[in-house]
Amino acid sequence: MSNGKFVCIMFEKVQTLCDSIKNYFNIGYREAINLLYNLKLYEALEDEETKMWYYSNYDLFRMFLEERNTGSYTVYGG
């Protein structure tokens, strides 16, 4: 995939995931994005080779909550 397409997909995925975080915790967007950026999940999402961007927002949010609570996340099926 071209870098431009990946950047567009990443922007959409991160924004949607941050909206879910923001609404779930009733916090501001900046705080939500900081919570996401500090997790391994974001590193994996940022790496095009992991194909994490294939996952739905629901699955990514579940992985976010799991990593936040346990320190790691589980990838199911896909």
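Higher on the page you've got the structure.
First, a word on what this report is: a plain description of the structure on this page. (Residues numbered from 1 in each chain as written. Predicted model: local features only at pLDDT ≥ 70, side-chain atom pairs only at ≥ 80, totals over all residues. Heavy atoms only, no water.)

**Brief notes about the environment of S72**
Put simply, the rule is: Every helix listed is a DSSP run of H or I at least four residues long, and every strand listed is a run of E at least two residues long, numbered separately from the N terminus. Three labels apply to residues, based on accessible area from a 1.4 Å probe with only protein chains included: buried if under 20% of the type maximum, exposed if over 50%, partly exposed otherwise in between. When checking whether two residues touch, look at their non-hydrogen atoms; a contact exists if any pair is within 4.5 Å.
Positionally, S72 belongs in the segment after α4 (57-70). When its relative accessible area of 40% is taken as the criterion, S72 is described as partly exposed. As for S72 and F61, which are separated by eleven residues in sequence, their C-alpha atoms are 13 Å apart. Aside from chain neighbours lying at most four places away, what touches S72 is E66 and E67.

**Points about the packing of aromatic side chains**
Any aromatic ring pair is given by two values, namely how distant the centres are and how the planes are angled relative to each other. Short version of the rule: When the centres of two rings from Phe, Tyr and Trp lie within 6.5 Å, Trp using its six-membered ring, the rings pair. Their planes under 30 degrees apart give stacked, over 60 give edge-to-face, and anything left gives tilted.
Under the criterion given, the structure shown has six aromatic pairs. Judged by centre distance (6.3 Å) and plane angle (75 degrees), the ring pair of F25 and F64 falls under edge-to-face. Of this pair, F25 sits in helix α1 (residues 3-25) while F64 sits in helix α4; the two residues are 39 residues apart in sequence, bridging distant segments of the chain. Among the residues examined, F64 registers a relative accessible area of 0% and is labelled buried. Between F61 and F64, the aromatic rings sit 6.0 Å apart at their centres with planes inclined by 15 degrees, giving stacked as the arrangement. One end of the pair, F61, and the other, F64, are both in helix α4, three residues apart, so they sit about a helical turn from each other. For F61, a relative accessible area of 14% corresponds to the buried category.

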